[in-house]
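Architecture and fold: a report
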Amino acid sequence: MTKWALTESDDAVVLAPRGIAPHWDLAVERSLPCPTRCSRRHVARQIRQDLWRAMQVMRGFVPIVSVSWADQSAEIRAGGRFLCGAAPPNAFETIASVLDNEDNRRRWLAHATRQKP
């Protein structure tokens, strides 16, 4: 079972596996409209779970998620490392599809706004 480290600063929350330095071999960035400051921690955890599910067939993938604030939105950077060579050709599209999925986005916001920021 993987243990996760959550690093929080004034600028961003970064969620990555404990003991593995956050190194981005691949990243996709998106903005998530969030009119009230929802919990960055909870958004990051929800995205990490969905990213893990989508990418688990890609051998050696280690997900990393960063969430920061900008105006009325959460700025997301999702991706990670590939411990077993280069990223497969469809990795970028798979990550983008997780971040662009409207059902995912609604669920992330619903979960994060029920929590304390």
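Residues numbered from 1 in each chain as written. Predicted model: local features only at pLDDT ≥ 70, side-chain atom pairs only at ≥ 80, totals over all residues. Heavy atoms only, no water.

1. Overview of the side chain of Arg105
The topology assignment puts Arg105 in helix α3 (residues 102–113). Residue classification places Arg105 among the buried positions, given a relative accessible area of 11%. At a separation of 2.7 Å, a polar atom in the side chain of Arg105 contacts the main-chain carbonyl oxygen of Ser31. Excluding residues within four positions of it along the chain, Arg105 makes contact with Arg30, Ser31, Leu32, Pro33, Leu99 and Asp100. (Helix = DSSP H or I, 4+ residues; strand = E, 2+ residues; numbered from the N terminus. Buried < 20%, exposed > 50% of the residue type's maximum accessible area, 1.4 Å probe, protein only. Polar contact = N/O pair within 3.5 Å; in protein donor to acceptor, adjacent residues only side chain to side chain. Contact = heavy atoms within 4.5 Å.)

2. Description of the confidence of the model for the chain
Looking at the chain as a whole, its pLDDT mean stands at 88, while 96% of the residues score no less than 70. Element-level mean pLDDT values for the chain span from 85 in strand β1 (residues 4–8) up to 97 in helix α2 (residues 91–100). (pLDDT = per-residue confidence, 0-100.)

3. Here's the deal with the state of the cysteines
Per the stated rule, a full pass over the model turns up 1 disulfide. With its sulfur 2.4 Å from that of its partner, Cys34 forms a disulfide with Cys38. In terms of burial, Cys34 and Cys38 fall into one category: buried. (Disulfide = S-S within 2.5 Å.)

4. Overview of the sheet that holds strand β3 (residues 26–33)
The strand order across the open sheet formed by 5 strands is β1-β2-β4-β5-β3, and the pairing between neighbours is antiparallel. With partners counted over all chains shown, the strands left at the sheet margins are β1 and β3, one partner each. Pairwise comparison of adjacent strand axes, ignoring direction, gives a mean angle of 15 degrees for this sheet. Bridge count for β1 against strand β2 (residues 12–17) is 5 bridges, and the pairing is antiparallel. When the bridges of β2 are listed, Leu6 appears paired with Leu15. With respect to the sheet, α2 is in contact with β3 and β5 (73–82), its orientation differing from that of β3 by roughly 15 degrees. (Pairing = 2+ DSSP bridges. Axes fitted to C-alpha atoms, helices over the stretch in contact; angles between N-to-C directions.)

5. A short note on the environment of Ala91
Positionally, Ala91 belongs in helix α2. Classification of Ala91 by relative accessible area gives buried; the value is 0%. A sequence separation of 37 residues divides Ala91 from Ala54, and the C-alpha atoms of the two residues are 9.6 Å apart. Apart from the residues within four sequence positions on either side, Ala91 is in contact with Leu26, Met55, Met58 and Phe82.

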